[in-house]
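# Secondary and tertiary structure notes
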Amino acid sequence: MSGLFNGILRSYIRIVRRTTAKELWKRYAVGLAVLLILVVVSHFAALSALNSARSHAHVVVASIGQRPVVQRIMFLSSMAVSERTSALNDQLKVLIQNLKGTHEKLSRDPGNTPALKQLYVSGRHGPALDPIMKNFIADATIVATAHGAAEREAAFARMQTVGPETLPRVFDEAAELYRSADSSYADQVGTVQSAAFVAALLVLFLEALFIFTPSQLVARQALHRLETQSGRLRRVRDNLLVRKKQLQGLRQSAEYETYHDGLTGLANRRSVEPEIARRCEMATDSQFDIAAINIGLDRFKGINDTLGHAAGDYILTHVAKVLRHVTGPQDFLARTGGDEFVIVRDTDGDRSALDVLAAQLIERISQPISYHGELCHIGASVGIDTRRRREIVSGFDPACLLANAGIALYRAKELGRGRVEFFYQDLRVQIQRSKALSDEISLAVYREEFFPVYQTQVDARSGKLAGVEALARWQHPIKGELSPGVFLPTAECLGVVSKIDHIILNKALDDFAKWERMGLHVPQISVNVSSDRLRDADFIASLDKLDLPEGRLAFEILETVFTDNADDDLLQTLSRLKSKGIDIEVDDFGTGHASLIGLLSLGPTRLKIDREFVKPLPDSKPHVSLLKSIIEIASSLNIGVTAEGVETAAQRDALIALGSDRLQGFFFSRPITSEELIAKLKSEMPVREHITAA
């Protein structure tokens, strides 16, 4: 017996454990339906019993009421036999009519029990009630209406045979049978209700076993899963916070290296313009002007050539110390080139003070420097440009101040070195040349002298062609092919960069279509798109007129676009580009201010790591750590990574190890024309076909 019980218990436990939420809902619905049916059955059984009891009570009352009517009819009939009056006959007729109506009503449905039917139809212990009553009524009617005395006496005699004893007895028996039928029906209803009650209890018990108990188990399991998932999410969050702190530390370290010179510890060229801009912004609250002092070392190349780069590094470190000693705490120091330094300082407009500072610098730097027993003799030339406060307030380009100081330095070297020169109006030739360049660029845009060259991108794992990047070049009618470094800054000032973008895109798409017609497969073509082009109201409409290779075209956008506060119009433009099957790539990633939130909101397809992060590989551990974190984060966001500026096999191997999926740089190919790319692809086709066949 215990074995059977244990088997049942084990089966029940298996059923409970395998129960799903969907099955619980089904069982719950079935249980509710059964309970509803039981309630309905019990209700209608009680209602039927109540209606039957009411009907039978009416019959019993009517049956009991017939006794005095019969007795009254007998009494009046006895009087009508001896003396007949119209009043007596009228009373008798009324009583006969009442008795007749009551009997017809009772005999219409004598009940559902066999005993009642026997009493009414065939008699129970004697004559049936129905024919007796009909005969009695007929005889009473004769007594009330017949004219002959003999006929009335005969009718009354027949009435006396049943009226005094038989009819009252039958009436009592009928009432008793109705009461008995009600009692029996009430017992049946009670049985039904008891059965319904027991069934309801059974259903509730089964619900407890197969619904409520499994529900608790399912709920506990769901809570357990939620707690487990919550724990995992907390661990993931904690890991992300740790990784974020690590990344912030690495980024700060990398930013420090990016904006500082690793040898001297001074700021580098990238830091100068932001510093000038900061001081320009403060100029509205300051009475001081701004001066840029550009110091170039003389005869420094000879030190490197004769004593080696170690000696040159020592000299540069020594010069940095001299600059720190001569300048004040409010001055900004930077090493902007191999042998050039810059000082940015506030000035009260006194040119003589700047002359004195420049003279001190030249004197201190020109003093002999001992290096491993060798005396090193170098000198310095200085170029200075200052800006009056009113010029700064009205708007000023920080790059211009630095450029003018550079022009002045060039002038100082040109005039014999070891001297200081200020930027002045006669040196505006450079500006005039810039104006001439602006005119040439405007004409070049009209003539569409700009054209694309292509640098290949390879798959890091297979080494196969993964795509090409279209780079802008200017076919100058006199100077020949010019790179963006020559014309792009001026083009930006002119506001024609978006037009150049349009020209390059059209020509690149024409080349791409030509490659396809020749059967040369280029998986993807990437084209640089400026911020001005993205904000052009006609940009999307212009794309609709082009035959875009869906899924094989990518737009490279500078990282500065991917900021947390990108406006809605720009976000909408990028979204529409994606809807056209155009991939979005972040160019020069790591040099701007893009954040993880910006990447999440804009969802680029690929990041292109700036060459400045690739250049120190594989020797710079901070750069290796930073790149590793960037690539891991990109991978977690399902964003591809292309490393630019790969120039050595060591850089390639390091980037492959870090997980970069695409590589680009001079190590693989320099930028080449479409014709050169066609020749390259044709020459590599047999090799690729052979590899595919293998």
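For the structure, check the block above.
The paragraphs below set out a description of the structure included in this document. (Residues numbered from 1 in each chain as written. Predicted model: local features only at pLDDT ≥ 70, side-chain atom pairs only at ≥ 80, totals over all residues. Heavy atoms only, no water.)

Moving on to the environment of I315. You can see I315 is positioned in helix α10 (residues 309–326). Leaving out residues up to four positions away in the same chain, I315 has contacts with F300, I303, I369, C376 and I378. (Helix = DSSP H or I, 4+ residues; strand = E, 2+ residues; numbered from the N terminus. Contact = heavy atoms within 4.5 Å.)

Tallied over the entire structure, the rule returns eight aromatic pairs. Ring centres 5.0 Å apart and planes at 75 degrees place the aromatic pair Y454 and W515 in the edge-to-face group. Remark: W515 occurs in helix α16 (residues 497–517) and Y454 occurs in strand β9 (residues 450–459); sequence separation between them is 61 residues. Centre to centre, the rings of F667 and F668 are 5.2 Å apart; their planes meet at 90 degrees, and the pair counts as edge-to-face. With a relative accessible area of 24%, F668 lands in the partly exposed category. (Phe/Tyr/Trp six-rings, centres within 6.5 Å; stacked < 30°, edge-to-face > 60°. Buried < 20%, exposed > 50% of the residue type's maximum accessible area, 1.4 Å probe, protein only.)

What follows covers the pattern of salt bridges. Using the criterion set out here, one finds 23 salt bridges in the structure. For E421, the salt bridge is made with R419, and the minimal N-O distance between the two is 2.8 Å. For D653, the salt bridge is made with R652, and the minimal N-O distance between the two is 3.0 Å. Residue classification places R652 among the partly exposed residues on the basis of a relative accessible area of 26%. Salt bridges here are not isolated pairs; linked through shared partners, they connect E275, R278, R279 and D346. (Salt bridge = Lys/Arg side-chain N within 4 Å of Asp/Glu carboxyl O.)

Spatially, β1-β3-β4-β2-β7-β8 is the arrangement adopted by the six strands of the open sheet, whose pairing is mixed. Where the open sheet ends on each side, the last strands, each with one partner, are β1 (267–268) and β8 (420–422). The pairing of β1 with strand β3 (residues 332–335) spans two bridges and is parallel. Paired with N268 across the strands is R335, a residue of β3. Against the sheet, α10 contacts β2 (289–298), β3 and β4 (340–347), and its axis sits at roughly 10 degrees relative to β4. Contacting β2, β4, β7 (379–387) and β8, helix α11 (residues 351–366) crosses the sheet at an angle of about 160 degrees to β7. (Pairing = 2+ DSSP bridges. Axes fitted to C-alpha atoms, helices over the stretch in contact; angles between N-to-C directions.)

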